[in-house]
Amino acid sequence: MLSIEPIPAFDDNYIWLLQEPPGSGVAVVDPGDADPVIETLRARGLDLTAVLVTHHHQDHIGGLDELRQVWPDLLITGPADRRIRALTRVVGEGEQVRLPGFTTDFQVMAVPGHTASHIAYLGDANLFCGDTLFAAGCGRVFDGTFAQLAASLRRIAALPATTLCYCAHEYTLANLGFARWVEPDSPALLDRSAAAARQRRAGQPTVPSTLALELATNPFLRTSEPAVIAAAADFAGHPLADPTAVFTALRRWKDERYD
Ligand code: ZN
Ligand code: FE
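To keep things clear, this report deals only with the structure shown in the data block. (Residues numbered from 1 in each chain as written. Chains lettered and ligands numbered in written order. Predicted model: local features only at pLDDT ≥ 70, side-chain atom pairs only at ≥ 80, totals over all residues. Heavy atoms only, no water.)

## A short note on the sheet that holds strand β10 (residues 126–130)
Then, in step 1: Reading across from one edge, β7-β8-β9-β10-β13-β14 is the order of the six strands in this open sheet, with mixed pairing throughout. For this open sheet the edge positions go to β7 (96–98) and β14 (209–210), each flanked by a neighbour on one side alone. (Pairing = 2+ DSSP bridges. Helix = DSSP H or I, 4+ residues; strand = E, 2+ residues; numbered from the N terminus.)

Okay, here's the thing in structure tokens:
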């Protein structure tokens, strides 16, 4: 059984700390900064055995070199991408990854869109999705394409609804604000906004969320819902032919008007 907890980094990043069983295998996901990882593990007398990387952005890989200096035998997995130099093992779509000290296998999913080589890791119904799916939102399109990100989100949406989604940023309240622009009359969205505001006031993370909650409230997973299609078409100024067109209009709407 995996134990999973966030190590906060920078302003709003979460570096996920995985253990299984406690004290044996120790891994982190997307260590953009080494210091909080080293501090947390030293305080508990733990040694890091593995790192999972989802994509090349600096706020996800910035700590790799320093972590490898402290723990030279570290397994560092990530996607084939020359921009990530510290990897010790390249992994890709469909691969099962076994980490030292872990019994859970992690299944690699290619989820391009935020970046062209972005991957996610699924272990025991826990999805580490980096900057692809956020709580109540999704990543921006950098060097991937809108169609890629739409397709990646559709694949994630097809996972079991009990899947827990561990994204890499605490963007939830802002994302919920945009979601309410899209679906102002959604009771599920109002409930989630109130719950997330309470969590943040109490200093708690709003991540992870269940995929079921995302399917009910995340506009980027709701591109086949009539209310979402209508709102996106309204922004675009013309009818939208398919879910990818709806997704693209939503993503542009948030980029241009909200953020
Ligand atoms: Zn990113
Ligand atoms: Fe990021």
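Still more to cover.
## Topic: the pairing of β10
Within a regular beta strand, the side chains point alternately toward one face of the sheet and then the other, so they alternate between its two faces.
Then, in step 1: Most of β10 sits inside the fold, with five of its five residues counted as buried.
Then, in step 2: Here β10 shows a buried face lined by Asn 126, Phe 128 and Gly 130 and a second buried face lined by Leu 127 and Cys 129.
Then, in step 3: Sheet topology places strand β9 (residues 119–123) next to β10; three bridges connect them, and they run antiparallel. Within β10, the position partnered with Leu 122 by the bridge is Leu 127.
Then, in step 4: Once β9 ends, the chain turns through two residues before running back antiparallel as β10, passing Asp 124 with a positive phi of about 55 degrees. (Buried < 20%, exposed > 50% of the residue type's maximum accessible area, 1.4 Å probe, protein only.)

## Overview of the environment of Ala 188
Then, in step 1: Relative to the assigned elements, Ala 188 resides in helix α6 (residues 187–201).
Then, in step 2: Ignoring any residue separated from it by four or fewer positions in sequence, one finds Ala 188 in contact with Ala 216 and Thr 217. (Contact = heavy atoms within 4.5 Å.)

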